Amino acid sequence: MHGQTLLDRIFNWIPVLLLAYPMLISPFFLVSSGGEDTAANISASKSNALNQLFWICLFMVLLVSAGRRLLNAFTVLKSPLIWILMLYLLLAVTSVLWSHAPGIAFRRVVLQIIIVMSLVISVSFTDDARSLLSRLMLLMNTVVLMNAVAVVLLPPTPIGHAGIYTQKNNLGAVMALAMMFNIYGFLVSRGFLKRFGMLIISALAFGLLVLSQSKTSLGLAVLMPVIAYIAVGMAFLFRINAALLLIFGAVTGAVLLSFLSLLTRFGFSDLSLFLFNDETYTGRTFIWAFVVDVISRAPVLGQGYASFWATGSDSIAFREAPGFVILLIQAHNGYLDVMLELGIVGISLLFLVILTALFSAARVVSLDYRIAFLCCSLILFVTCHNMLESAWFRSFSLNWLIFLLAALLPHAVVRTWDNRSQN
């Protein structure tokens with residue numbers, strides 16, 4: 001963009017760097033703590049110098065490059081989403097008082113505050129929302145190509161290809177997100193060559209997604225964009241709020257599925273058997289039973305933010321978890337993990353965050369329905385993906401960063417539109 005200073009250019013690339021860290025940087029420099037043994041679980045409780053250095057330095061660069069934008073920082077407080085995020089983080093900070101590992105909890109909540117603030121500032125005050133998405137698509141396409149090379153050169157894991165990552169589910173989630181970004185890219189691109197290129201990258205991402213054998217990401221990558229496109233399309237044509245359509249559809253779908261389940265006696269375990277050839281959702285029901293028991297001990301305020309998994313040998317998870325659960329650092333359900341950490345109060349705030357994010361995306365249907373479609377697709381994907389994986393307010397988890405991006409991007413669209421109207 002003409003007239004940009006060097007600091008402006010740096011500022012506008014900050015969101016790309018934020019997302020590049022879990023997708024490109026950390027896979028090459030961080031050792032997995034996913035849990036091959038109990039020692040790995042304990043090692044995950046220790047601080048990581050690379051994480052701290054990266055996020056602190058990036059936050060400092062953000063503040064310097066933001067410059068005059070910080071003078072208008074109060075404008076973001078007009079958004080209910082920001083207030084709810086602040087309340088959640090305030091609860092997380094306060095929970096250090098009753099945490100079983102206050103030192104670890106405090107370190108992790110400080111990191112979370114830095115991450116959330118970085119995204120709030122960099123996305124809300126970006127110079128142009130569409131240009132930001134172009135930069136993010138460049139990142140996504142680079143990731144797809146690098147993983148394509150990795151799949152060719154590296155052997156698969158016993159349960160699927162992992163690409164440049166340590167787990168096949170990571171590759172599946174990244175490729176699913178790349179597909180959704182490229183669908184948006186196809187909608188906004190002009191010219192045969194650009195659209196053809198988007199189709200090629202989308203097909204490549206889909207192929208890698210299939211090779212990862214990540215069934216959750218595959219199903220959501222196909223279903224969520226369809227649901228979002230229908231909702232946004234109906235909202236655009238009939239001037240209906242897209243968020244209300246999605247909420248109504250979710251409630252109606254849940255009621256119908258419950259009715260059909262009672263009618264056909266096709267239950268939870270039958271669905272797991274159909275999807276995963278296993279009645280326990282690949283062992284998740286054992287994890288969830290243990291977690292629900294721990295939740296019942298402190299149902300209102302929980303065990304404390306980030307104070308349960310990977311907090312050392314004195315933790316409840318290490319001392320009481322049965323079998324393979326002792327090896328884990330998450331409950332494989334984001335909603336259970338939030339209740340585990342911050343109880344009913346925390347999960348209530350999370351539901352408010354999701355609802356306000358959907359309504360934020362619905363606001364921009366009339367301004368740019370394609371961005372609204374992308375935001376809705378990403379929000380729905382992350383919301384559903386958290387039923388089998390954990391990402392909510394979880395360090396620099398890619399799905400969490402993507403959700404924040406999708407929730408904040410509508411504010412950037414409105415701001416860009418207002419600036420153009422004034423000029």
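Since this is a predicted model, take the numbers as computed values, not measurements.

A. The side chain of Ser212, seen in detail. Looking at where Ser212 falls in the secondary structure, it is placed in helix α8 (residues 192-212). Excluding residues that lie within four positions of it along the chain, Ser212 makes contacts with Ile159, Gly160, His161, Lys168, Leu171 and Gly172.

B. A look at the environment of Met86. Structurally, the position occupied by Met86 is in helix α4 (residues 80-94). Among the residues examined, Met86 registers a relative accessible area of 41% and is labelled partly exposed. Distance from Met86 to Val116, taken between C-alpha atoms, is 9.4 Å for residues 30 residues apart in sequence.

C. Spotlight on helix α7 (residues 168-188). Counted at 1.5 Å a residue, the expected span for α7 with its 21 residues is 30 Å, and the 31 Å between its end C-alpha atoms agrees. Of all 21 residues in α7, 15 are buried, a share of seventy percent or more.

D. Region of interest: unusual backbone geometry. Notably, Ala310 is not glycine yet its phi reads approximately 50°, a positive angle. Position of Ala310 among the secondary structure elements: in the loop between α12 (284-295) and α13 (316-320). When its relative accessible area of 6% is taken as the criterion, Ala310 is described as buried.

E. Quick peek at the pattern of salt bridges. Applying the stated rule across the entire model yields 9 salt bridges. The partner of Arg297 in a salt bridge is Glu320, and the shortest N-O contact between them spans 2.7 Å. With Arg297 in the loop between α12 and α13 and Glu320 in helix α13, the pair connects residues that are 23 residues apart, well separated along the chain. By relative accessible area, Glu320 is classed as partly exposed at 35%. Taken together, the shared-partner salt bridges connect Asp8, Arg68, Arg69 and Asp127 into one network.

Conventions adopted
- One numbering rule holds for all chains: residues counted from 1, following each sequence as written.
- Predicted model: local features are reported for residues with pLDDT of at least 70 only, side-chain atom pairs are reported and counted for 80 or more only, and whole-chain, interface and lining totals are derived from all residues.
- Excluded from the side-chain calculations are hydrogens and water; all other atoms, namely the structure's heavy atoms, are used.
- Secondary structure counts use DSSP, requiring at least four H or I residues in a row for a helix and at least two E residues in a row for a strand, with both numbered from the N terminus.
- Only heavy atoms enter the contact rule, under which two residues are in contact if any of them lie within 4.5 Å.
- Burial classes: relative accessible area under 20% of the type maximum marks a residue as buried, over 50% as exposed, and values in between as partly exposed (1.4 Å probe, protein chains only).
- How far a helix is expected to stretch is found by multiplying one less than its residue total by 1.5 Å.
- Basic side-chain nitrogens of Lys or Arg form a salt bridge, by our definition, when they fall within 4 Å of a carboxyl oxygen of Asp or Glu.

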